[in-house]
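Structure at a glance
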Amino acid sequence: MASGCSIYNLMVVDTGTDAEVDRVFHALADPTRRDIVRRVLIAEQSVSGLARDYPMSVTAVQKHVAVLEEAGLVIKRKRGREQRVAGQAAPLRRAQRLLDAYEQLWRDRIDRMSDVLAEDDRGGAR
């Protein structure tokens, strides 16, 4: 990344709109939803199958899945009488790119601060 490049320029390309990014982070803020995403990225599962592993009703799990679906982290398919849930990795990759951009921004700021401090130690003027 070139020095002086703004975080805005890094994010514009393909991290999604602010609303999309907000939905992804909101969905991932809940530990049950993070676990559901982890499980369905490994293998597609039914909503009832997911619900068996949580101390909550199938309806509550369906609500979690709906939040994940709204964020684009999962897709639901009807197979017979079952609702099947599959993970979608693309929104996670976009979120990772956003976090990487923030990390790079802070690393660049620390590097610049280190340069300024080193210059001050040498007695240089800014």
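Residues numbered from 1 in each chain as written. Predicted model: local features only at pLDDT ≥ 70, side-chain atom pairs only at ≥ 80, totals over all residues. Heavy atoms only, no water.

1. What to know about the overall build of the protein
Within the protein, the regular secondary structure consists of 6 helices and 3 strands. Secondary structure elements of the protein, listed N to C terminal, follow the sequence α-α-α-β-α-α-β-β-α. Taking all 126 residues of the protein together, 29% fall into the buried category. Partitioning the contacts of the protein with sequence separation of at least 6, the portion at a separation of at least 24 is 56%. Of the roughly 8300 Å² of accessible surface on the protein, 52% is carried by carbon and sulfur atoms. (Helix = DSSP H or I, 4+ residues; strand = E, 2+ residues; numbered from the N terminus. Buried < 20%, exposed > 50% of the residue type's maximum accessible area, 1.4 Å probe, protein only. Contact = heavy atoms within 4.5 Å. Areas by Shrake-Rupley, 256 points an atom, 1.4 Å probe, with all protein chains shown as cover.)

2. Looking at the pairing of strand β2 (residues 74-79)
Two strands pair when backbone bridges link them, and β2 and strand β3 (residues 82-87) are joined in this way by 6 bridges, in the antiparallel orientation. Looking at β3, one finds that K76 is bridged to V85. Connecting the antiparallel pair β2 and β3 is a turn made up of 2 residues, with G80 showing a positive phi of about 65°. (Pairing = 2+ DSSP bridges.)

3. Examining the packing of helix α2 (residues 18-28) against helix α6 (residues 90-121)
Relative orientation of the contacting elements α2 and α6 amounts to 100°, with a least axis distance of 10 Å. Put simply, α2 runs roughly perpendicular to α6. Here V21, V24, F25 and L28 of α2 come into contact with α6, specifically with P91, L92, A95, L98 and L99. (Axes fitted to C-alpha atoms, helices over the stretch in contact; angles between N-to-C directions. Parallel < 35°, antiparallel > 145°, perpendicular 65-115°, else oblique.)

4. Description of the sheet that holds β3
Strands sit in the order β1-β3-β2 across an open sheet of 3 strands; the sheet is antiparallel. Both outer strands of the open sheet, β1 (45-46) and β2, are each paired with one neighbouring strand and no more. With 2 bridges connecting them, β1 and β3 associate as antiparallel partners. Each bridged residue has a counterpart across the sheet, and for Q45 the counterpart in β3 is V85. In this fold helix α3 (residues 31-42) packs onto β1, β2 and β3, with an angle of close to 90° to the strand it touches most, β3. Contacting β2 and β3, helix α5 (residues 58-70) crosses the sheet at an angle of about 120° to β2.

5. Observations regarding the side chain of T32
Among the structural elements, T32 can be located in helix α3. The exposure class of T32 is buried, given its relative accessible area of 16%. Excluding its chain neighbours within four sequence positions, the residues that come into contact with T32 are Y54, M56 and H64.

6. A closer look at the packing of α3 against α5
The description of two packed helices rests on the angle between their axes and on the distance between the axes. At a minimum axis separation of 10 Å, α3 and α5 run at an interaxial angle of 75°. Here α5 runs roughly perpendicular to α3, going by the angle between their axes. The segment α3 lies against α5, with T32, R33, I36 and V37 engaging V61, H64, V65, V67 and L68. Broken down by class, the residue content of the contact of α3 with α5 amounts to 6 nonpolar, 2 polar and 1 charged. (Nonpolar A, V, L, I, M, F, W, Y, C, P; charged D, E, K, R; others polar.)

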